[in-house]
Amino acid sequence: MITEKPTWIRHDGLQIFSIDIQPGGLRFATGGGDQKVRIWNMKSIGKDLETDNPQRLLATVRDHFGSVNCVRWAHHGRFLASGSDDQMILIHERKAGSATVEFGSGEPPDIENWKVVMTLRGHTADVVDLNWSPDDLMLASGSLDNTIHIWNMTNGICTAVLRGHSSLVKGVTWDPIGSFMATQSDDKSVIIWNTSDWSMAHRTEGHWSKTVGSTFFRRLHWSPCGHFITTTHGFQKPRHSAPVLERGEWTATFDFLGHNAPVIVVKFNHSMFRKFASNNHESAKAGHTGWTNGKGGTAKELQPYNVIAIGSQDRTITVWTTASARPLFVAKHFFSQSVVDLSWSPDGYTLFACSLDGTVATFHYEVKELGHRLTDDELDEIKRSRYGDARGGRQTNYADSGHQLMLETVSTKPKKATTPGNQVPPPVSQAPAPQKTPEPQNEGEKDGAGLGPGANEPKPVRVSSPVKQKEYRRPDGRKRIIPEAVGVPSNQEASNNNNNNNNLTISTNRSFLALDQRMAGEPIKELRAGPTARACISDGLIIEKAPGGDDGTVNVENKGSGPSTSSGPTVPTSLIIEIKEKEDCGPSEVRSLEAKPVDKPANDIVAIGSGKFNSSKETQISCKKGLQFLWSDRISCKVTALAGNKNFWAVSCEDGSLQVYTECGRRMLPAMMVGSGAIFIDCDETWRLLLVTIRGAIFMWDLFTKSCLLHDTLASLLSSQDPPKHSGTVKVISAKISMSGWPLIQLVNRDAFLYNPGMKCWMRIADNSFPASKYAMSLDFSSAKSGELARLQADVGRYDCRRNFWNRPAVDEVVQTRAHLEAQLASALALESPKEYVQCLLSYVRFLTREADDLRLREVCESLLGPTFGAVADPKNSQWDPSVLGMQKHVLLKETVFPAMASNRKVQRLLSEFMNALSEYELSENENQNVTNNVDEMDVAPPS
């Protein structure tokens, strides 16, 4: 061992409260009573300054207005955090360019330019300890205001304030696995916090009840294996001690004894060690997770152990290895006042210590003294053997039970349908776990290069995409890919164009509808494989931007082959619908209905009595089954739309009349007058008929019971256009009966609306309100089995790609993704689509699980679990339905929600709670069923 006490490390003769070595091993920082943070060159340690004269002091940061109590480097080495008596936390980063010097200080200019990039305000008293999370995304700070603040380091916002202590908080430490955080206070307690929701996991007291006096700090620390916490300021008569808490039980299993004054700081080595070098990684698996205490059996020499340094108010430093019951090293007479902070070098063989006397001491150990250091892979293997894959930082936690591991196995199995559209969505973006990477030796490189998270990680192999991707830059400078609608066959896209180019415009000056249509010279024909069919003369409308318009409005232009007139559209030669139905025995048959105008001279007028009848608008209606003629009829008006199924045929005319025929051609009802000609008409497989008129009225009838189910207008959809309008026109491209049995309207901007008879209003079930959602383009456009909601969302995606809606200001992607999934889940329920409801529910639960959103997860589970036992038999709670869309809620909870929640151990306590509740439900139901069966089997004796 080599010791050194460099006298050139000083803070103007005042106390040094904190010291920390940069993970890259090139610098170390100190904070002192002179209100400054000083950054030193590690190369100066152990050098003969007369022969080798490296630059010792690299920078001095003078932005605090009180004593600097703590300095801590982030794990990636880029940022340095400092806490002070001025109640502030400053985040420092090295910048390019030359440094400055304080006027009149008499100090030489700084060699490196370190600037404050973030200021964290929120504490109301001195900040005395800091600790970074394993992934460097969060920072914990302890203060004399009795609170712990949790800071989000991506935006500098305080995300939580922990108030469990009743006295000064003087120590914080983060679990290396990322599941917990521990704090120690002058109230003689240690609290373990859950990092998932910042609830109190456990409060440990009693081990410090006999302590006397006070110390500047109580800097506890977590072992690198994650299984033990060594605390400070303990007392076991007659000596002061450092109690050790074991993970899970959170009780003191033993103490480090020997100091004559309270322990102020403890610091585990970053790595673990082994007595002899071994290339067998299985030895790390076989050994205990780092705490042997001399009990190793035959494999003792290969078992890994921890190394810990302890600093005390008795001015002494002790270094222990957990493979021995006695300290490895005791350093006395190095300091004249208390030891307040310790720091290990990245290689694990050098220890730095600072004291209130304003000096720093270094201790360099050899391999034969500490042992052979385990590699990072071996340390990860030890963590995996106990906690699973622990490389994800805060995203991984300890498995509390075997049920958790079983559900994790189930959740990792691939499923055919996991998201709307049968396609696995991209995961929510998360910052990668930063790795401890050394700073590049070339100081002339661009600032920050090689210091960021994952700088030395191998780059992923790029896979060529079959679709040429287009890039654009968001306002914040980040690149984004413009999504492309892929996988749509050309014939399908052509069909979509033919079916979706219908337009309806509502004129608001008289609340009437004006119709612009394009008519082709050949018959408009539609063939469906299902039992219904419809056809409208408005098929083929083309929507184009008005030439020369600067207001961005969209008009409907006549693109017909012949000249258009303002008086009305050109009449097509005929309208034909065909229904293809499969017979019980034999091949399928096609039934068709054709409406063909009768060719007569325009001046062919027949006088009837005192009036005149214009027969030039007559239309011949004929029905065929294959080549067999079934029946015919003649209507004295132009036909605008047809619809039909196996029960009836519907014919709409431009004079506002609607004629309904039976399958055999008998007129079921007198002509129904709806005020104007129909522009959209549709029917389901039974007796429901939907009709939308040119003037915007919408009707739905049940022809079997001869009753009206709906009579409304589309005026309420005026404000849903792009751009929004409260006057003008509304343009509709589709109107049909949805799977729920109620009208579904789709506007030209692809917003879709479903009528809810219970709420008596229109509900928007598809729109482009979530462009930043991770699920916005995760639908399978080409899948023929996609549900109704998936097809609507696909139309929105294709439309947005053409309109380039993705160039929008930066938004919170997590918030939009969650809102989008909630909207999709509610829309699937409104459409009564069971498969899509399950897919949306699974995607929503997986997203909430990744985000560890306990509040919303609990709400979802409670809605599927139902009322409590006492409320089950209460008739007042009969409004809770145990099924949804024909599926049992308990089955959904057990087979869909629970496996999805098992993917993140941070929500395993919530998962266990509802698994136990569901088990109690099932047990209670089985008992009730057994009682019922026993009563049914009882023999009742007849009366004598």
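The rules we used
- Residues numbered from 1 in each chain as written.
- Predicted model: local features only at pLDDT ≥ 70, side-chain atom pairs only at ≥ 80, totals over all residues.
- Heavy atoms only, no water.
- Helix = DSSP H or I, 4+ residues; strand = E, 2+ residues; numbered from the N terminus.
- Buried < 20%, exposed > 50% of the residue type's maximum accessible area, 1.4 Å probe, protein only.
- Contact = heavy atoms within 4.5 Å.
- Areas by Shrake-Rupley, 256 points an atom, 1.4 Å probe, with all protein chains shown as cover.
- Pairing = 2+ DSSP bridges.
- Axes fitted to C-alpha atoms, helices over the stretch in contact; angles between N-to-C directions.
- Salt bridge = Lys/Arg side-chain N within 4 Å of Asp/Glu carboxyl O.
- pLDDT = per-residue confidence, 0-100.
- Nonpolar A, V, L, I, M, F, W, Y, C, P; charged D, E, K, R; others polar.
- Expected span 1.5 Å × (residues − 1).

### Side note on the overall build of the chain
Along the chain, the regular secondary structure elements total 12 helices and 59 strands. Within the span of the chain, comprising 944 residues, buried residues form 50% of the whole. Sequence-distant contacts in the chain: of pairs separated by 6 or more residues, those separated by 24 or more amount to 57%. Carbon together with sulfur atoms contributes 50% to the accessible area of the chain, which is approximately 44100 Å² in total.

### Some thoughts on the sheet that holds strand S6 (residues 68–73)
Strand order in the open sheet formed by four strands is S6-S7-S8-S9, and the pairing between neighbours is antiparallel. In this open sheet, the two strands that pair with only one neighbour each are S6 and strand S9 (113–121). When the angles between neighbouring strand axes are averaged without regard to direction, this sheet yields 25°.

### Some words on unusual backbone geometry
Although it is not a glycine, Trp 250 adopts a positive phi angle of roughly 60°. Of note in this structure, Leu 885 is not a glycine but carries a positive phi near 55°. With respect to the element layout, Leu 885 can be found in the loop between strand S58 (883–884) and strand S59 (887–888). On the basis of relative accessible area, Leu 885 is assigned to the partly exposed category, the value being 25%.

### A word on the pairing of strand S7 (residues 79–84)
Within S7, six of the six residues are buried, leaving the element largely enclosed by the surrounding structure. Judged by which residues are buried, S7 turns out to be covered on both faces: Phe 79, Ala 81 and Gly 83 on one side and Leu 80, Ser 82 and Ser 84 on the other are all buried. Strand direction decides the pairing type here: S6 and S7, joined by five bridges, are antiparallel. Opposite Val 71, over in S7, you have Ser 82 as the bridge partner. Linking two consecutive strands that pair antiparallel, namely S6 and S7, is a turn of five residues; a positive phi of about 80° is found at Gly 77 within it.

### Structural notes on the sheet that holds strand S28 (residues 339–344)
With antiparallel pairing, four strands are arranged side by side in an open sheet as S1-S30-S29-S28. With partners counted over all chains shown, the strands left at the sheet margins are strand S1 (2–4) and S28, one partner each. Put simply, the sheet's adjacent strands are angled 15° from each other on average, direction ignored. Pairing geometry for S28 and strand S29 (residues 350–355), over five bridges, is antiparallel. Residue pairing in the sheet places Trp 344 in a bridge with Leu 351 of S29.

### Some details on the pattern of salt bridges
Counting across every chain of the model gives 26 salt bridges. Residues Arg 219 and Asp 341 are paired through a salt bridge, measuring 3.7 Å at the closest nitrogen-oxygen approach. You can see Arg 219 sitting in the loop between strand S17 (200–205) and strand S18 (221–222) and its partner Asp 341 sitting in strand S28, a full 122 residues away along the chain. Both residues of the pair, Arg 219 and Asp 341, count as buried. Here the salt bridges do not stand alone but share partners, grouping Asp 12, Asp 34, Lys 36 and Arg 38 into one network.

### Side note on the confidence of the model for the chain
Detailed reading of predicted coordinates is not advised where the pLDDT is low. With 67% of its residues at a pLDDT of 70 or more, the chain shows a mean pLDDT of 74. Note on residues 390–396: pLDDT under 50 across the span, and 27 contacts to partners over four residues away in sequence or across chains. Confidence drops under a pLDDT of 50 for residues 483–529, and excluding neighbours within four residues, the segment shows 135 contacts in the predicted structure.

### Some details on the packing of helix H8 (residues 834–851) against helix H9 (residues 854–865)
Relative orientation of the contacting elements H8 and H9 amounts to 145°, with a least axis distance of 9 Å. Facing Leu 841, Tyr 844, Val 845, Leu 848 and Thr 849 of H8, the residues of H9 in contact are Arg 856, Leu 857, Val 860 and Leu 864. Taken together, the residues of the contact of H8 with H9 break down into seven nonpolar, one polar and one charged.

### Side note on helix H3 (residues 376–387)
For H3, which comprises 12 residues, the first-to-last C-alpha distance of 16 Å matches the rise-based estimate of 16 Å (1.5 Å per residue) to within 8%. The complete set of buried residues in H3 reads Glu 378, Leu 379, Glu 381, Ile 382, Lys 383 and Tyr 387.

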